[in-house]
Amino acid sequence: MENDPTAAPKAPSRSFAGKLFDVLSGFGLATILLLLLGLLTWFATLEQIDSGLYPTLNKYFHWKSVFLLPEVQGKMVPLPLPGGYWVGAVLLLNLTLGGVIRIRKGWKHAGNLIAHFGIILMLVAGGVAHHFSERGNMAVGEGESSDAAEDYFEYVVEVAEIKEGWPHDIHVIRGRHLDDLTDGRGRLFRLPKLPFDLEIAGWLDHAAPVSITERAPAASERVADGYYLMEKPDEINAEANTAGCYARIVRRDGTKSAPFILAGASFHPFSVRHEDRIFTVDMRKRLWPMPFTVKLDQFTAEFHPGTMKPSKFVSRITRIENGGEAKVTIQMNEPMRYEGLTFFQASYGPPGAGPGQRMYSVFEIVKNPADKWPEYSLYIVAFGMLVTFLTKFGGYLASTTRKNRHV
Amino acid sequence: MEIVEIRAATRRDKTPKLFATSDERFRDAKPSPVKGATPDGWLALPATQMRLLNYRFGESGMGEVWVSISSGTVPDNVNRWLKQFGAPPLDPAALAKLRTVPIAGANGVWVEAAGEYASGMGAAPKPGYGLAGVVADVGGRILTVKMVGPKAEVEAARPVLEAYAGGLKMAE
């Protein structure tokens, strides 16, 4: 066989790296990845009806989700799927290898190359937004001002010194340092600028403080000053969850206070006296100070006739910064972009407000370094497709002209 | 772990109530929009966010009665209560047959159930429990009076509960 002169010439055998490159840059892999993204989006759309939007997005598209099993109407679908983040990452690799490195070069293929760059930019924008964007909301009443947004989900613990009735030096312990303190795990948080540290344990994502006179603890919950934290099942609307944990003051001499409860569902902070100084320890959704103040001058809402379906919300605001003022209108699909922040018109209240009732407006505030990248990527893709079209059209015209010359 | 993140005070910060007790920190101190006279033998407890009026009753100390303003409709609340006892939901015809009783100047439906009580609040199911209560639409608000506890104690306390519900008054 080896010396058979009639045998077709053999293609040179590819190395393992070469074969791997072929697979990773192949059109087949791109097709599979796009199908997976379609499946993930479809299952996530169905699952968020029962499980809520935020938990579903985390399950399907968070980087920590490598594999998942979809659930539809509370029943598990026995179809393991890769996490959407990683499908997107492999698609990015595939496009880079196949659509940029492996693709045939030359001016005839310039349009394709440009379009692939556009799609790559869009995938990168998704990754940047996933890792680096922040979101919060700000509710402002007509005639009132606000200079802070509140995170939708993240509960933090804040320790502040109270001077002349007002909080100063507000130390913030972020949720990412707290939400792993479950199942008996605790952590000491050192506060070098304060005369004590804080020990925190028993974190619950959704809990309510309950008096033992009202309902006896069902299991071995810790009791602090006659209260314990009763764990509750997560809300479908994850923004409504109220976190809770147990804390102790650890003084510089090593002694500890009695444990106390910190809860998102509390009306007042816990107070600590140290010599003649007073401190508060509180749990709240993370506040995000803005670099300027927003004053809501007027809010108007218009509805489709005979319905409560909004056709238009308009907030007329004054942006106040360093003594200067700027009048800005924010409405649906027309956000305010300023200093890297985007203010979207999100909702309003109170629900069912009647004529003459004082309204408040709610803005969603997003800080996303890749805010405009998807838009730029669409321009790039459109330009690439236009170049491809013009190249093909030019080639067609040239060939037609040549044929006509031969006739 | 050392905490170095410090944020500036904002307009959202306010003068805190210092040295609040746990009751003040965790209970809503707003006055209840519903007033009621505590029956003999019931123990009045502080209100909570969900319980405008809150009581314990019965020899076991396990019986609870509370008054709430609820969301949803009268059928929604009746069927939610029944579901907590594993009972099937009532259709409109069955709901129309429920006995009505006076409550806060209106009429409400009287609901009863018995069996294993699963409150759905993370607590373990409790077998041998009973339910009695009233659900009413009072001026567009859904007012509920709910009694749960050991079945025999609930059955014995039904007349007291009915009289209590009839004596409730809206504060306005």
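Note that this is a predicted model, so its numbers are computed, not measured.

Let's talk about the overall build of chain A
Piece 1. Looking only at helices and strands, one finds six helices and 20 strands in chain A.
Piece 2. Relative to its 407 residues, chain A shows a buried fraction of 39%.
Piece 3. Here the analysis covers contacts within chain A between residues at least 6 apart in sequence; of these, 53% occur between residues at least 24 apart.
Piece 4. Of the accessible surface of chain A, which amounts to about 22,900 Å², a share of 59% is contributed by carbon and sulfur atoms.

Details of the pairing of strand 16 (residues 310-321) of chain A
Residues and elements named next belong to chain A.
Piece 1. Here strand 15 (residues 277-303) pairs with strand 16 via ten bridges, running antiparallel. Its bridge partner being in strand 16, Leu-296 is matched across the sheet by Ile-317.
Piece 2. As paired strands, strand 16 and strand 17 (residues 324-331) are joined by eight bridges and run antiparallel to one another. Bridging across to strand 17, Arg-319 finds its partner in Ala-326.
Piece 3. Connecting strand 16 to the next strand, strand 17, in antiparallel fashion are two residues, including Asn-322 with a positive phi near 50°.

Thoughts on the sheet that holds strand 8 (residues 186-189) of chain A
Residues and elements named next belong to chain A.
Piece 1. Spatially, four strands are ordered 8-9-12-13 in an open sheet, and the strand pairing comes out antiparallel. Every other strand in the sheet has two partners, leaving strand 8 and strand 13 (260-263) as the edge strands with one partner each. In this sheet, neighbouring strand axes are inclined to one another by 30° on average, regardless of whether the strands run parallel or antiparallel.
Piece 2. Examined bridge by bridge, strand 8 and strand 9 (residues 196-204) share four bridges and lie antiparallel to one another. Considered in strand 9, the bridge of Leu-188 is made with Glu-199.

Description of the interface of chain A and chain B
Piece 1. Across the contact, 54 residues belong to chain A and 40 residues belong to chain B.
Piece 2. Here chain A meets chain B over a buried area of about 4,300 Å², counting both sides, of which 57% is carbon and sulfur.
Piece 3. Run the count over chain A and chain B and you get four salt bridges.
Piece 4. A salt bridge links A:Glu150 to B:Arg12; its shortest N-O distance comes to 2.9 Å.
Piece 5. Our count for the contact surface shared by chain A and chain B stands at 16 residue pairs in polar contact (both at pLDDT 80 or more).
Piece 6. Of all the elements in the fold, those that place two or more residues in the side of chain A that touches chain B are strand 6 (145-163), strand 7 (166-173), strand 8, strand 10 (207-211), strand 11 (227-231), strand 13, strand 14 (270-274) and strand 15 of chain A.
Piece 7. Of the residues that constitute the side of chain A that touches chain B, the class distribution is 27 nonpolar, twelve polar and 15 charged.
Piece 8. Where strand 7 of chain A meets strand 1 (residues 6-7) of chain B, two bridges bridge the pair, whose relative direction is antiparallel.

Notes on the packing of aromatic side chains
Residues and elements named next belong to chain A.
Piece 1. Tallying each qualifying case throughout the model produces 20 aromatic pairs over all chains.
Piece 2. Summarising the aromatic geometry, the rings of Trp-42 and Phe-43 are spaced 5.0 Å apart at their centres and angled 50° between planes, so their arrangement reads as tilted.
Piece 3. For Phe-43, a relative accessible area of 6% translates into the label buried.
Piece 4. When the centroid spacing of 6.0 Å and the interplanar angle of 45° are considered together, the rings of Tyr-152 and Phe-153 count as tilted.
Piece 5. What links up through ring pairs into an aromatic cluster is the set Phe-292, Tyr-338, Phe-343 and Phe-363.

Describing the pairing of strand 9 of chain A
Residue and element names in this part refer to chain A.
Piece 1. When you tally the buried positions in strand 9, you get eight out of nine residues, the bulk of the element.
Piece 2. Following strand 8, the chain reverses through six residues before pairing antiparallel with strand 9.
Piece 3. Relative to strand 12 (residues 244-251), strand 9 is paired through seven bridges, and the arrangement is antiparallel. Within the sheet, the bridge partner assigned to Asp-197 lies in strand 12 and is Val-250.

So, the pattern of salt bridges
Piece 1. Tallying each qualifying case throughout the model produces 25 salt bridges over all chains.
Piece 2. The salt bridge partner of A:Glu47 is A:Lys59, with a shortest N-O separation of 2.7 Å. On the criterion of sequence distance, the pair formed by A:Glu47 in helix 2 (residues 27-51) and A:Lys59 in helix 3 (residues 53-61) is long-range, its members being twelve residues apart.
Piece 3. One salt-bridge network, held together by shared partners, links A:Glu134, A:Asp151, A:Glu154, A:Arg174, A:Arg286 and B:Glu5.

Examining the side chain of A:Glu158
Piece 1. Among the secondary structure elements, A:Glu158 is positioned in strand 6.
Piece 2. On the basis of relative accessible area, A:Glu158 is assigned to the buried category, the value being 6%.
Piece 3. A distance of 2.8 Å separates polar atoms of two side chains, one belonging to A:Glu158 and the other to B:Arg7.
Piece 4. Leave out the neighbours within four places in its chain, and A:Glu158 touches A:Ile170, A:His171, A:Val172, A:Thr280, A:Val281, A:Asp282, A:Arg284 and B:Arg7.

Some thoughts on helix 2 (residues 74-84) of chain B
Residue and element names in this part refer to chain B.
Piece 1. Within helix 2, burial applies to Val-74, Asn-77, Val-78, Asn-79, Trp-81, Leu-82 and Gln-84.
Piece 2. Buried residues in helix 2 make contact with strand 5 (63-70), helix 3 (92-96), strand 7 (106-117), strand 8 (126-138) and strand 9 (141-150).
Piece 3. Looking at the residues trailing helix 2, positive phi occurs at Gly-86, about 70°.

Some details on helix 2 of chain A
Residues and elements named next belong to chain A.
Piece 1. In this model helix 2 runs 35 Å from its N-terminal to its C-terminal C-alpha over 25 residues, within 8% of the 36 Å that 1.5 Å per residue would give.
Piece 2. Those residues of helix 2 that are buried lie in contact with helix 1 (16-24), helix 3, strand 1 (67-68), strand 2 (71-72), strand 4 (81-82) and helix 4 (84-101).
Piece 3. The positive-phi residue at the C-terminal boundary of helix 2 is Gly-52, with phi of around 95°.

Some remarks on the sheet that holds strand 9 of chain B
Residue and element names in this part refer to chain B.
Piece 1. Taken together, the seven strands give an open sheet; going across it, the order is 3-4-5-9-8-7-6, and neighbouring strands pair in antiparallel fashion. Pairing within the sheet leaves two strands with one partner each, and these edge strands are strand 3 (43-45) and strand 6 (100-103). With direction set aside, neighbouring strand axes in the sheet form an average angle of 30°.
Piece 2. On the sheet, helix 4 (residues 151-166) packs against strand 4 (53-57), strand 5, strand 6, strand 7, strand 8 and strand 9 and is oriented at approximately 150° with respect to strand 9.

Considering the nonpolar core
In globular proteins that are soluble, nonpolar side chains generally tend to be buried together.
Residues and elements named next belong to chain B.
Piece 1. Judged by nonpolar contacts, the single largest core of 26 residues is most densely connected at Ile-103, Val-145 and Leu-168.
Piece 2. At the level of elements, strand 4, strand 5, strand 6, strand 8, strand 9 and helix 4 are the ones that each hand at least two residues to this core.
Piece 3. Per element, the largest residue contribution to this core is five residues, and it comes from helix 4.
Piece 4. Apart from the residues within four sequence positions on either side, Val-145 is in contact with Val-65, Trp-66, Val-67, Trp-81, Ile-103, Ala-132, Gly-133, Val-134, Leu-161, Tyr-164, Ala-165 and Leu-168.

With respect to unusual backbone geometry
Piece 1. In this model, A:Asp183 sits at a positive phi of 50°, which is unusual for a non-glycine residue.
Piece 2. Backbone geometry at B:Phe19 places phi at a positive 55°, although glycine is not the residue there.
Piece 3. Mapped onto the fold, B:Phe19 is located in the loop between strand 1 and helix 1 (22-26).
Piece 4. For B:Phe19, a relative accessible area of 37% puts it in the partly exposed group.

Rules used in this analysis
- Residues numbered from 1 in each chain as written.
- Chains lettered and ligands numbered in written order.
- Predicted model: local features only at pLDDT ≥ 70, side-chain atom pairs only at ≥ 80, totals over all residues.
- Heavy atoms only, no water.
- Helix = DSSP H or I, 4+ residues; strand = E, 2+ residues; numbered from the N terminus.
- Buried < 20%, exposed > 50% of the residue type's maximum accessible area, 1.4 Å probe, protein only.
- Contact = heavy atoms within 4.5 Å.
- Areas by Shrake-Rupley, 256 points an atom, 1.4 Å probe, with all protein chains shown as cover.
- Pairing = 2+ DSSP bridges.
- Axes fitted to C-alpha atoms, helices over the stretch in contact; angles between N-to-C directions.
- Buried area = accessible area lost by both parts, 1.4 Å probe.
- Salt bridge = Lys/Arg side-chain N within 4 Å of Asp/Glu carboxyl O.
- Polar contact = N/O pair within 3.5 Å; in protein donor to acceptor, adjacent residues only side chain to side chain.
- Nonpolar A, V, L, I, M, F, W, Y, C, P; charged D, E, K, R; others polar.
- Phe/Tyr/Trp six-rings, centres within 6.5 Å; stacked < 30°, edge-to-face > 60°.
- Expected span 1.5 Å × (residues − 1).
- Core = buried A, V, L, I, M, F, W, Y, C linked by side-chain atoms within 4.5 Å.

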